[in-house]
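Understanding the architecture of this molecule
Spelled out from the first residue to the last, the chains are:
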Amino acid sequence: QLQASGGGLVQAGGSLRLSCAASGRTFSDYVAGWFRQAPGKGREFVATINRSGGNTAYTDSVKGQFTISRDNAKNTVYLQMNSLKREDTAVYYCAATRSVNFPLRSYNSYNYWGQGTLVTVSS
């Protein structure tokens, strides 16, 4: 089970850190990722991190702005979001998979999903 948290309302230029806590599994066995879905749009890949946390990948639009990290001792993956823009407004979902491949940018590659947390960026 994945539980996402940390969303909220923030002004443009501000920062938020999302967290995704995993339970019931050895989290270090899983590749983790973040996706987002803006109103009226499909689910979009944001970032992914490998099992150890030593390798990451991002969609081009968030490179240098977002940072994905994980703490396997706490069974948690994070998404630090800086310099937020109105177009970052979306529901953010964390996901996990035991696939051996990396990076995985398609939502079809992930087996486990959190419930989503809403990020709203105001101008």
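To start, this report covers the structure provided alongside it. Since the model is a prediction, treat every value here as computed from it, not as a measurement.

Thresholds, definitions, all that
- Residues numbered from 1 in each chain as written.
- Predicted model: local features only at pLDDT ≥ 70, side-chain atom pairs only at ≥ 80, totals over all residues.
- Heavy atoms only, no water.
- Pairing = 2+ DSSP bridges.
- Helix = DSSP H or I, 4+ residues; strand = E, 2+ residues; numbered from the N terminus.
- Axes fitted to C-alpha atoms, helices over the stretch in contact; angles between N-to-C directions.
- Core = buried A, V, L, I, M, F, W, Y, C linked by side-chain atoms within 4.5 Å.
- Buried < 20%, exposed > 50% of the residue type's maximum accessible area, 1.4 Å probe, protein only.
- Contact = heavy atoms within 4.5 Å.

Regarding the sheet that holds strand E8 (residues 76-81)
The strand order E1-E3-E8-E7 describes an open sheet built from four strands, whose pairing is antiparallel. In this open sheet, the two edge strands, each paired with only one partner strand, are strand E1 (2-5) and strand E7 (66-71). Averaged over all pairs of adjacent strands, the angle between their axes in this sheet comes to 15 degrees, without regard to strand direction. In this sheet, E8 lies alongside strand E3 (residues 16-22) in antiparallel orientation, the contact comprising six bridges. Within the sheet, the bridge partner assigned to Ser19 lies in E8 and is Tyr78.

Let's talk about the nonpolar core
Judged by nonpolar contacts, the single largest core of 28 residues is most densely connected at Trp34, Leu79, Met81 and Tyr92. Looking at this core, the elements with two or more residues in it are E1, E3, strand E4 (31-37), strand E5 (43-49), E7, E8, strand E9 (90-97) and strand E11 (117-122). For Tyr92, the residues in contact, after removing those within four places along its chain, are Leu18, Trp34, Phe35, Arg36, Val46, Phe66, Leu79, Met81, Gly116, Thr117 and Val119. Grouped together as the second largest cluster of nonpolar side chains are six residues, Val31, Phe35, Phe45 and Ala95 included.

All quantities given are derived from atomic positions and should not be read as evidence of function.
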